[in-house]
Amino acid sequence: MKYYICCIILLITSLSFSQSSEKQAVQSTIEQFFEGFHKQDSTIILETIHKDVKMQSIGTNREGNSVLSTTEFEKFINSIISIPKDKTFKEDILGYTIQIDGNMAHVWTPYKFWSDGNFSHCGVNSFQLFKDDGHWKIIYIIDTRRKDCIQE
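Residues numbered from 1 in each chain as written. Predicted model: local features only at pLDDT ≥ 70, side-chain atom pairs only at ≥ 80, totals over all residues. Heavy atoms only, no water.

### Concerning the layout of surface pockets
Piece 1. For the largest pocket, the calculated volume is near 380 Å³.
Piece 2. In this structure, the largest pocket is lined by 20 residues; those nearest its centre are Phe-37, Phe-76, Ile-80, Asp-143 and Arg-145.
Piece 3. The set of elements that each furnish at least two residues to the lining of the largest pocket consists of α1 (2–39), β1 (49–60), α3 (73–81), β3 (89–93), β5 (104–115), β6 (118–132) and β7 (135–144).
Piece 4. Looking at side-chain class alone, the lining of the largest pocket contains twelve nonpolar, five polar and three charged residues. (1 Å grid on protein atoms, 1.4 Å probe; cavity = no way out; pocket = protein on both sides within 12 Å on 5 of 7 lines; lining within 4 Å. Points joined across faces, edges and corners; volume = space filled by probe spheres on them. Helix = DSSP H or I, 4+ residues; strand = E, 2+ residues; numbered from the N terminus. Nonpolar A, V, L, I, M, F, W, Y, C, P; charged D, E, K, R; others polar.)

### Here we look at the pairing of β6
Piece 1. Burial runs high along β6: eleven of the 15 residues are buried.
Piece 2. Relative to β6, β5 runs antiparallel, the two sharing twelve bridges. Paired with Ala-105 across the bridge in β6 is Leu-129.
Piece 3. Remark: two residues form the turn of the hairpin made by β5 and β6, two consecutive strands paired antiparallel; Asp-116 in that turn has positive phi of roughly 50°.
Piece 4. Relative to β7, β6 is paired through eight bridges, and the arrangement is antiparallel. Its bridge partner being in β7, Ser-126 is matched across the sheet by Ile-142. (Buried < 20%, exposed > 50% of the residue type's maximum accessible area, 1.4 Å probe, protein only. Pairing = 2+ DSSP bridges.)

As C-alpha cells, then:
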C-alpha cells in the first residue's frame, strides 16, 4: 500500500512540475516578445512568432462605438522599428494568467502603456500560442485599449 501511495505522489509531483515548466516556457516566449518590442528589434520579436500570426485590437472610435481592427503583422513590426530613438515607450505587463492544453496555450496579460513618460492607455493582451516542434510560438494576438484606467 505504501508503494502505491508513493507512486501516486511521485506521479502528481511529476505532472505538477511538468505543467509548471511548460507555463514558464510559455511566459518566457511572451517576455521575449516584449524584450524585442521594447528594444525595437524585429529579429527578437520574429523568433517568438509563428509564420501565420494574426493580430487584432479592440478599441473605441470617436463616436464611442466599439471597433475591431486587424493589423498585418509586418506593418506592426515596421511601425515598432520605425519609432524614433528619441521617443520612449513602455508597455508595463501587470501579470500573467496562463492556461495550457496540450500544444495550445492562452496568456492573458493586463498592461499599462506609457509614451514619453506619460500614461497613454491600458488594457489586456490575449495571446494564443502553438507548440511548434517543441517551441512555443505566438499565433494570435488581440488586445484592448482603454483610457479609463486607474493610474498608479
